[in-house]
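# Fold and geometry: a report
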There are 2 protein chains.
Amino acid sequence: MASQRPAVTISDIAAAAGVSAPTVSRVLNGRGDVAAATRERIEALLRDHGYRRRGGQQAAIGLLDLVFNDLDSPWAVELIRGVEDAAHAAGSGTVVSAIHRRASSTRQWLDNVRSRASDGAILVTTDLDPALHAELRELHVPAVVVDPAGVPSLDVPTIGATNWAGGLSATEHLIRLGHRRIGFVSGRAELWCSRARLDGYRAGLETAGLSVDPALIVPGEFDYESGFRAGERLCALPEPPTAVFAASDQMALGVYEALRRRGLRVPEDVSVVGFDDLPEARWSSPPLTTVRQPMAEMGKLAVRTVQRLLRGEEIDSPRVELATELVVRDSTAPAGR
Amino acid sequence: MASQRPAVTISDIAAAAGVSAPTVSRVLNGRGDVAAATRERIEALLRDHGYRRRGGQQAAIGLLDLVFNDLDSPWAVELIRGVEDAAHAAGSGTVVSAIHRRASSTRQWLDNVRSRASDGAILVTTDLDPALHAELRELHVPAVVVDPAGVPSLDVPTIGATNWAGGLSATEHLIRLGHRRIGFVSGRAELWCSRARLDGYRAGLETAGLSVDPALIVPGEFDYESGFRAGERLCALPEPPTAVFAASDQMALGVYEALRRRGLRVPEDVSVVGFDDLPEARWSSPPLTTVRQPMAEMGKLAVRTVQRLLRGEEIDSPRVELATELVVRDSTAPAGR
C-alpha cells in the first residue's frame, strides 16, 4: 500500500512511445479515445518503467464508481448515501453498478469504465474477483473494497466493521438484563463476519461464567426466511431461550414472525437483538434493539481512501474496521418479567 | 413532445460558427473541453437554427443520470435497481445523485454533468425546479421525471403510478372482508398522490353503499412517526375502526406499533393495509398487505423513455401511470373474528 515516488514522468513515457504527453494522460485516465495499439504500447512502457500516478498530474474525471454484486443487499442504500454524499462534496458523480457476480456484467461494466474513465472504484463485495482487480490496476483506476462481511484476501484497501465487538456487546446487553438462555442465529457460515459475531457471542457468555449450549446456536443465511426457520427451531426446543441474538436484522425480523405465530410477544415473552441497524429495524413492531454497522460512514471513508490513492498518497492501513454500536430500542426487556 | 426533423445539420452549424463538426458534437454532447466563448457561440447558433439532435448523429456518452432530492426516500433503492438494470443492459453507467433541494448541490451536479456529459437525466421529484430543467435543455440532456407522488406541471415526460386505482383496490379488499368502519391515514396534503389515494378510498366506500365518516380520516405525512400518531388517534375514537388503510407502508408500520402498545393484534383485532410495497412490508410481523407501486418497472420505463428522447424519437405520452397491484399478505382478516 505504500506510495512510491515516480521514477519517470509522463513526458518520459511520451518520448519513449513517440506520442504526445496528453495521449499518455488519456491512457492513464482510462479514456477510450486512444487507438488500441497505441494504448498497449503506452501501457507496456508504463508498466516497464514502474510508473505510478501522483498528485496533480492528472485531471480528475469527476466520476467515482460504486459497484455492488446485487442492489438488493439490505444496506445498499445506506452505502450509496454515504458514498454519494462524500463524492458530491468533492464535485464528483457516483456511478452505481450491479454486476450480479456474472462475467458478462463485469465485462460490460469494465468496458464502460474504459470508455468513459473513472477516478476510482469502490467495490462492495466479500469475494473480490482477481481478474477484475487486475484489470482495474491496468486501467490505473484505484480500488477500495467495502466489506461488511469478510476479511481481505487481495492487495487492496478494505473497510469493514467490528463484528466481534458487536457480537460481544449484544450478548452482554442480554446478560445484563438477566437472560441466561440466549439463542444465537448465525449468518452464512462461509463468511468471516459470521464467525466473528459468533465468537463475540461466545466470549460474552464465557466472560459472564455461562456455558455455551450448542443447541442454542442455530444456523441462518442472513435473510428473513432463514431467521424465521431458526426462530421456529429455537421455540421448539425442550427448554427454549428467553432471548435471541440474530446476526442480522432481517433474521431478527424472521424470529419476530416465528414468535408471533406461536402467540409469543417481543419483548414480554422473548427479547430479540439484531445486527446491522437497517432502517426497518426502527420501523419494526416493537422497534428492534440492534448492533449498528456504520454503513454511510464506511462509504465516506471509502471515498476518502480512493481519493488518497488517486493522489498517490499513503493510506493508513490496508484494513480499517469502523466501530459497531449497540442501539437499544424496545425489543429487549429484563428476563422473567 | 413531438419529434421534429432537424432543419440543419451539425456541419451547417460548424460552418456558421467557423469550427469543426466534432467541436459542435462536443458541445451537443455537453463535454467540457470546448472554450466557453466558442461553446456559447455554437449554442446560440443551435438555438437560432432550432437544431434538434437525432439518431446516429451523436456518440452515446455511456452515462445516465438518476437524480433524487434525498436518498433516504424509502423507494430509492428499488428505483436505482430498475434504472441500473436497464441502463447496464444498454451498456450505460448510472450516476446517482442527491441534490437535497439545495441550489448549491444542484449547481454542483449540473457542473459535473457539464464537464463529463450525460446521455440523459431521470429526475425523481414531485417539484421539478424550472431552472434545472432549463439548464438541462440548454445542455441538450433529455430529461424524464419519475414521480410516484404528484402530477406533472412542466413540459417534461413523467412516469407515475395509478394512485387512485390503488386506493380503491385496498378499500374494496377490506370491504370484501366484511369491514364497515375503515380508517384512512392520508399522506402529505400538498401532494396529488395523497388526494388520489383518498379519493380511491372514498370511491370504494361509496360504491359499497357505505358513508364516509370524517372522523375516520386522519392526516399523516407518509412517515412512520405520523402513522404511529394517526394509529393512536384512531384507537382513541369512541367507536374505533376494525381496519385501517394507510397511504404508505411506513405509516402502516407506525399503525402496527400504535396497536401493539394498546395490546391490540394485527390482524386478529384490527386489519391493516399499506401502500408502496417496500421490502420491509414483507418483513413486518405480520407481513403487510399493501398496494404495490412498481418502482423498478418505473425506473426501467424511465430509461427507455430517455433513450427514445436521445434518439429523437417520439414518446407515447407526456404522462404514463403504471398499474398498482394489491398484494395480500397476513395483516388483513375477516371482520369480527
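Residues numbered from 1 in each chain as written. Chains lettered and ligands numbered in written order. Predicted model: local features only at pLDDT ≥ 70, side-chain atom pairs only at ≥ 80, totals over all residues. Heavy atoms only, no water.

Attention shifts here to the overall build of chain A. Scanning chain A from N- to C-terminus turns up 12 helices and 12 strands. Counting only C-alpha atoms, chain A reaches 80 × 35 × 30 Å along its principal axes. For chain A, the proportion of its 337 residues judged to be buried stands at 60%. Of the roughly 13,300 Å² of accessible surface on chain A, a fraction of 51% belongs to carbon and sulfur atoms. Of the side chains in chain A, 38 bear a positive and 43 a negative charge, and the two mean positions are spaced by 2 Å. (Helix = DSSP H or I, 4+ residues; strand = E, 2+ residues; numbered from the N terminus. Buried < 20%, exposed > 50% of the residue type's maximum accessible area, 1.4 Å probe, protein only. Areas by Shrake-Rupley, 256 points an atom, 1.4 Å probe, with all protein chains shown as cover. Lys, Arg positive; Asp, Glu negative; His and termini not counted. Charge placed at Lys NZ, Arg CZ, Asp CG, Glu CD.)

Glancing now at the environment of Phe222 of chain B. All names here are of chain B. On the secondary structure map, Phe222 appears in the loop between β7 (217-218) and α9 (224-235). Judged by relative accessible area, Phe222 falls into the buried class, the value being 16%. Expressed as a C-alpha distance, the spacing of Phe222 and Ser25, which sit 197 residues apart in the sequence, is 45 Å. Aside from chain neighbours lying at most four places away, what touches Phe222 is Gly187, Arg188, Leu191, Cys193, Ser194, Arg197, Ala247, Ser248, Gln250 and Met251. (Contact = heavy atoms within 4.5 Å.)

With that settled, the discussion passes to the pattern of salt bridges. For side chains bearing opposite charge, pairing can occur when the charged atoms are close. Residues and elements named next belong to chain A. Applying the stated criterion to the full structure yields 45 salt bridges over all chains. With a closest N to O distance of 2.8 Å, Arg116 and Asp65 form a salt bridge. Of this pair, Arg116 sits in helix α5 (residues 103-116) while Asp65 sits in strand β1 (residues 63-68), and the two are 51 residues apart along the sequence. Arg81 serves as the salt-bridge partner of Glu78, at 2.2 Å between the closest nitrogen and oxygen. Here Arg81 and Glu78 lie together in helix α4 (residues 76-89), a separation of three residues that amounts to about one turn. According to the relative accessible area criterion, Glu78 is buried, its value standing at 17%. For Arg81, a relative accessible area of 26% translates into the label partly exposed. Bridged by salt links that share partners, the residues Arg107, Asp111, Arg114, Glu135 and Glu138 form one connected network. (Salt bridge = Lys/Arg side-chain N within 4 Å of Asp/Glu carboxyl O.)

Bringing the interface of chain B and chain A into the picture now. Each partner contributes to the interface: chain B provides 49 residues, whereas chain A provides 49 residues. With both chains or domains summed, chain B and chain A bury close to 3,600 Å², and 52% of this area falls on carbon and sulfur atoms. It is His88, Arg260 and Trp283 of chain B that lose the most area in chain B upon contact with chain A, and together they represent 19% of the buried surface on that side. On the surface where chain B and chain A come into contact, there are 14 residue pairs in polar contact (both at pLDDT 80 or more). A total of eight residues in the side of chain B that touches chain A trace back to one element, the largest contributor, which is helix α4 (residues 76-89) of chain B. Tallied by class, the residues present in the side of chain B that touches chain A amount to 20 nonpolar, 15 polar and 14 charged. (Buried area = accessible area lost by both parts, 1.4 Å probe. Polar contact = N/O pair within 3.5 Å; in protein donor to acceptor, adjacent residues only side chain to side chain. Nonpolar A, V, L, I, M, F, W, Y, C, P; charged D, E, K, R; others polar.)

Here we come to the sheet that holds strand β4 (residues 143-146) of chain B. The sheet built from 12 strands is open, its strands ordered β11(A)-β5(A)-β4(A)-β3(A)-β1(A)-β2(A)-β2(B)-β1(B)-β3(B)-β4(B)-β5(B)-β11(B) with mixed pairing. Every other strand in the sheet has two partners, leaving β11 (319-322) of chain A together with β11 (319-322) of chain B as the edge strands with one partner each. Between one strand axis and the next, the sheet turns through 25 degrees on average, direction left out of account. As judged from the six bridges shared by strand β1 (residues 63-68) of chain B and strand β2 (residues 93-98) of chain B, these two strands associate in the parallel manner. Residue pairing in the sheet places Leu64 of chain B in a bridge with Thr94 of chain B of β2 of chain B. Strands in contact with helix α12 (residues 295-310) of chain B are β1, β3 (121-124), β4, β5 (158-161) and β11 of chain B; relative to β4 of chain B, the strand with the most contacts, it is inclined by about 165 degrees. (Pairing = 2+ DSSP bridges. Axes fitted to C-alpha atoms, helices over the stretch in contact; angles between N-to-C directions.)

Below, the discussion takes up the relation of the copies chain B and chain A. Superposition of the two copies of the chain requires a rotation about an axis together with a shift along that axis. Turning chain B through 180 degrees and shifting it by 0.0 Å along the axis lays it on chain A, with an RMSD of 0.1 Å. Interpreted geometrically, this transformation is the action of a two-fold axis. Rotation axis and chain B: the residue whose C-alpha lies nearest the axis is Val95 of chain B, separated from it by 2.0 Å. (Least-squares fit on C-alpha atoms with pLDDT ≥ 70 in both.)

Residues and elements named next belong to chain A. Between helix α1 (residues 10-17) and helix α3 (residues 36-48), whose axes approach to 10 Å, the crossing angle comes to 130 degrees. As summarised for this structure, α1 and α3 are arranged oblique, according to the angle between their axes. Along this stretch, α1 crosses α3, giving a crossing that reads as right-handed. Residues Ile13, Ala16 and Ala17 of α1 lie in contact with α3, whose contacting residues are Arg41, Ile42, Leu45 and Leu46. Among the residues forming the contact of α1 with α3, the class breakdown is six nonpolar, no polar and one charged. (Parallel < 35°, antiparallel > 145°, perpendicular 65-115°, else oblique. Left-handed = near helix turned anticlockwise from the far one by under 90°.)

All names here are of chain A. Between the first and last C-alpha of α5 there are 20 Å, a value that for 14 residues agrees with the 20 Å anticipated at 1.5 Å per step. The set of residues buried in α5 consists of Ser105, Thr106, Trp109, Leu110, Asn112, Val113, Arg114 and Arg116. A positive phi of about 75 degrees marks Ala117, the residue just after α5. (Expected span 1.5 Å × (residues − 1).)

A few words now on empty space enclosed by the protein. Using the criterion set out here, one finds four cavities of 30 Å³ or more in the structure. The wall of the largest cavity is formed by 19 residues, among which Arg260 and Ser285 of chain A together with Arg260, Arg265 and Ser285 of chain B lie closest to the centre. Listed by contribution, the elements that provide at least two residues to the lining of the largest cavity are α10 (249-261) of chain A together with α10 (249-261) of chain B. It is α10 of chain B that contributes the most residues to the lining of the largest cavity, three residues altogether. Grouping the amino acids of the lining of the largest cavity by side-chain chemistry returns nine nonpolar, four polar and six charged. When its volume is computed, the second largest cavity comes out at roughly 100 Å³. Looking at the second largest cavity, the residues that line it are Leu253, Tyr256, Glu280, Trp283, Ser284 and Ser285 of chain A together with Leu253, Tyr256, Glu280, Trp283, Ser284 and Ser285 of chain B. Contributing elements (two or more residues each) for the lining of the second largest cavity: α10 and α11 (279-283) of chain A together with α10 and α11 (279-283) of chain B. The residue makeup of the lining of the second largest cavity, split by class, is six nonpolar, four polar and two charged. (1 Å grid on protein atoms, 1.4 Å probe; cavity = no way out; pocket = protein on both sides within 12 Å on 5 of 7 lines; lining within 4 Å. Points joined across faces, edges and corners; volume = space filled by probe spheres on them.)

Turning to the domain arrangement of chain A, a few remarks are in order. All names here are of chain A. Each assigned domain of chain A is listed here: domain 1 (1-59), domain 2 (63-161 + 296-322) and domain 3 (163-294). Each of domain 2 and domain 3 was reduced to a C-alpha centroid, and the two centroids are 31 Å apart. Taken together, the contacts link 13 residues of domain 2 with 12 residues of domain 3. Buried surface at the junction of domain 2 and domain 3, both sides included, amounts to about 1,100 Å², of which 54% is carbon and sulfur. Contact with domain 3 buries surface across domain 2, with Pro74, Ala149 and Ala161 losing the most and accounting together for 37% of the total. Our count for the contact surface shared by domain 2 and domain 3 stands at one salt bridge. Among the ionic pairs, Arg292 bridges to Glu297, the shortest N-O distance being 3.4 Å. There are five residue pairs in polar contact (both at pLDDT 80 or more) connecting domain 2 and domain 3. (Domains from an automatic or database assignment.)

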